[in-house]
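These are the residues of each chain, in order.
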Amino acid sequence: MNKKFLALILALVLALSLAACGGKDAPAQGGTPAPPKTEAPEGGDADPSDPGEAAPPEETEQDVDLAAFYASLTEGDKWPVLMSLTEDETSTEMLDAYYPGLSEISTKQCGAYIAAITSAVGELALVEVEDAADAEKVEAIFQARIDYQVGDDSNPGGAWYPETIEGWKSSSRIVSRGNYVMLAVGDAAEAAVESFEALFA
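Presented here is an overview of the structure given in this document. (Residues numbered from 1 in each chain as written. Predicted model: local features only at pLDDT ≥ 70, side-chain atom pairs only at ≥ 80, totals over all residues. Heavy atoms only, no water.)

### Topic: the overall build of the chain
Looking only at helices and strands, one finds 6 helices and 5 strands in the chain. In the chain, the succession of helices and strands from N to C terminus is α-α-β-α-β-β-α-α-β-β-α. For the chain, buried positions account for 38% of its 201 residues. Counting contacts in the chain only where the partners sit at least 6 residues apart, residues at least 24 apart contribute 66% of the total. For the chain, the exposed surface amounts to about 12100 Å²; the carbon and sulfur share of it is 54%. (Helix = DSSP H or I, 4+ residues; strand = E, 2+ residues; numbered from the N terminus. Buried < 20%, exposed > 50% of the residue type's maximum accessible area, 1.4 Å probe, protein only. Contact = heavy atoms within 4.5 Å. Areas by Shrake-Rupley, 256 points an atom, 1.4 Å probe, with all protein chains shown as cover.)

The following block contains the structure:
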């Protein structure tokens, strides 16, 4: 009976690898958008030497290839075998099963990778949103994923096994910079956060 149940679970997990980030992803646009034009106040030209008239410095958005970053993180044996939920862009159902609401957010890049074996603690999700205001929404979705896996006194954790639940409790990290948000879960989560932060240094 246990073997049949395990085989069913493994088949389900393999089926999940066909999920996608959805059609809301847009290819990253090259270049920096032009700053909005400002008009001189009535009655004359703006004095460029007047600090009150100076425009604030323009923030430059850094382009980060999240797929390449994921590949660099998972080199070697620091992570368990991970399966992509976003490799196939024809479906959003499986992605929404793990990260409800994520496919409704406009993203430039989206990659979600879960452990192929349910007893392993390991998960990475990397997102670049179109609008920086959506970064907080992605963080909330990632936190909801952690909360679900850990569970509470009235609901058992979705991670099932006590050791796995403890791993989600102690080894889950969410970090964001501008339009980029990452969830890292596992023994290598701290190192992943350091590598993520280094991208923007």
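Moving on from the model shown.
### Some remarks on the side chain of Ser 84
Within the secondary structure, Ser 84 is located in strand 1 (residues 82–84). Under the relative-accessibility criterion, Ser 84 is labelled buried at 13%. In this structure the side chain of Ser 84 is engaged in a polar contact, spanning 3.0 Å, whose partner is the backbone nitrogen of Thr 86. At a separation of 2.9 Å, a polar atom in the side chain of Ser 84 contacts the main-chain amide nitrogen of Glu 87. (Polar contact = N/O pair within 3.5 Å; in protein donor to acceptor, adjacent residues only side chain to side chain.)

### Focus on the packing of aromatic side chains
Taken as a whole, this structure holds 6 aromatic pairs when the rule is applied. Relative to Tyr 113, the ring of Tyr 70 lies with its centre 3.6 Å away and its plane at 10 degrees, an arrangement referred to as stacked. Pair noted here: Tyr 70 is in helix 2 (residues 66–73) and Tyr 113 is in strand 2 (residues 107–115), with a separation of 43 residues, a long-range link. Tyr 113 shares its class with Tyr 70; the two are buried. Within the aromatic cluster, the residues linked to one another by ring pairs are Phe 69, Tyr 180, Phe 196 and Phe 200. (Phe/Tyr/Trp six-rings, centres within 6.5 Å; stacked < 30°, edge-to-face > 60°.)

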